[in-house]
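# Remarks on the overall topology
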Amino acid sequence: MSKKKWIIVAASILAVVAIGLGVGFGIKYIKDNNGIWFNANSYRDHTFDRRSVDYEEKIGVLELVNSLEELQELCDRYGNTAFKEGTLGYTNIIGEKVREYDEVYFSDKSLIVFETKIGNAATALSVKKIYLDDVILMVNILAQYRSGAIDLIPWTFLIEVNKADIVGVKEIKYKITKEY
């Protein structure tokens, strides 16, 4: 087999393994007349909220973060140890991603932290659109249901947005659109 084919096979295997393990991936959205630009990093079966290991007790996270200090405070509030070396939260995939957001990032961008639990292991979630409704920032999530085990599965999204696109936002809400 040629070197090029080996590289393609290896890349394909890595992609399948990464998706199977719930590794985050980004979905880029280009601004249109009704929406704003975003980059959504999603993590299936990984949680931002570390206060409890019982998924049924959690109600989710929906927060708009505008600075590194706010992000660190949010982590503390939800028991996320992304900034504390030697902890599980420091070494897990969400902790590693959270630490990528620094003062330079927050100079012109904000971060939406969204986490929810879905009662079907075969459901796929994605950010469909983010838009402004007056002073409310709306996050539209698409839930694609498939047949599978009924179990609460956590989904965490770290959604990057431009600060200039969300000036005047006073509230953040989400809507889940179901597709069967």
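Before reading further, recall that the structure is shown in the block above.
Reference entry: report on the structure contained in this document. Keep in mind that what you see is a predicted model, and the values were worked out from it rather than measured. Each chain has its residues counted from 1, running along the sequence as written. Thresholds applied to this predicted model are a pLDDT of at least 70 for local features of residues and 80 or more for the giving and counting of side-chain atom pairs; totals over whole chains, interfaces and linings are not thresholded and use all residues. Note: side-chain values were computed over all heavy atoms of the structure, leaving out hydrogens and water.

## Looking at the sheet that holds strand S6 (residues 136–144)
- Two strands are counted as paired when DSSP detects at least two bridges linking them. Numbering goes from the N terminus for both helices and strands, where a helix is a DSSP run of H or I of at least four residues and a strand is a run of E of at least two. Taken in spatial order, the three strands of this open sheet run S5-S6-S8, and their pairing is mixed. Single-partner strands in this sheet number two, and they are strand S5 (124–133) and strand S8 (171–179). On average, adjacent strands in this sheet sit at an angle of 20° to one another, irrespective of strand direction.
- Relative to S8, S6 is paired through nine bridges, and the arrangement is parallel. Among the inter-strand pairings, Ile-136 is bridged to a residue of S8, identified as Glu-171. Axes here mean lines fitted to C-alpha atoms, for a helix over just the part in contact, with angles spanning 0 to 180 degrees between N-to-C directions.

## Quick notes on the nonpolar core
- Only buried residues count toward a nonpolar core, which is a set of Ala, Val, Leu, Ile, Met, Phe, Trp, Tyr and Cys residues joined through side-chain atoms within 4.5 Å. Relative accessible area decides the class of each residue, using a 1.4 Å probe on protein chains only: under 20% of the type maximum gives buried, over 50% gives exposed, and in between gives partly exposed. Ile-112, Val-127, Ile-130, Val-139, Ile-159 and Val-161 are the most contacted members of the largest nonpolar core, which has 20 residues in total.
- For this core, the secondary structure elements donating two or more residues are strand S2 (38–44), strand S4 (109–118), S5, S6 and strand S7 (153–162).
- Of all the elements, S7 adds the most residues to this core, at five residues.
- What Val-139 contacts, discounting residues up to four positions off in sequence, is Ile-112, Val-127, Lys-129, Ile-130, Ile-159, Ile-172, Lys-173, Tyr-174 and Lys-175.
- Of all hydrophobic cores here, the second largest spans 18 residues; its members include Phe-48, Leu-68, Val-98 and Tyr-105. Whether two residues are in contact is decided by their heavy atoms: any pair within 4.5 Å suffices.

## Overview of the pairing of S6
- Counting buried residues along S6, eight of its nine residues qualify, which places the element largely inside the surrounding structure.
- Across nine bridges, the pairing between S5 and S6 is antiparallel. If you follow Ala-124 over to S6, its bridge partner there is Gln-144.
- What sits between S5 and S6 in their antiparallel hairpin is a turn of two residues, with Asp-134 showing a positive phi close to 65°.

## Considerations on the environment of Ile-141
- Looking at where Ile-141 falls in the secondary structure, it is placed in strand S6.
- With a relative accessible area of 0%, Ile-141 lands in the buried category.
- Sequence-distant contacts of Ile-141, that is, excluding residues within four places in its chain, are made with Phe-114, Leu-125, Ser-126, Val-127, Lys-128, Lys-175, Ile-176 and Thr-177.

## So, unusual backbone geometry
- Of note in this structure, Asp-134 is not a glycine but carries a positive phi near 65°.
- Considering the arrangement of structural elements, one finds Asp-134 in the loop between S5 and S6.
- Look at Asp-134 and you get exposed, because its relative accessible area is 69%.

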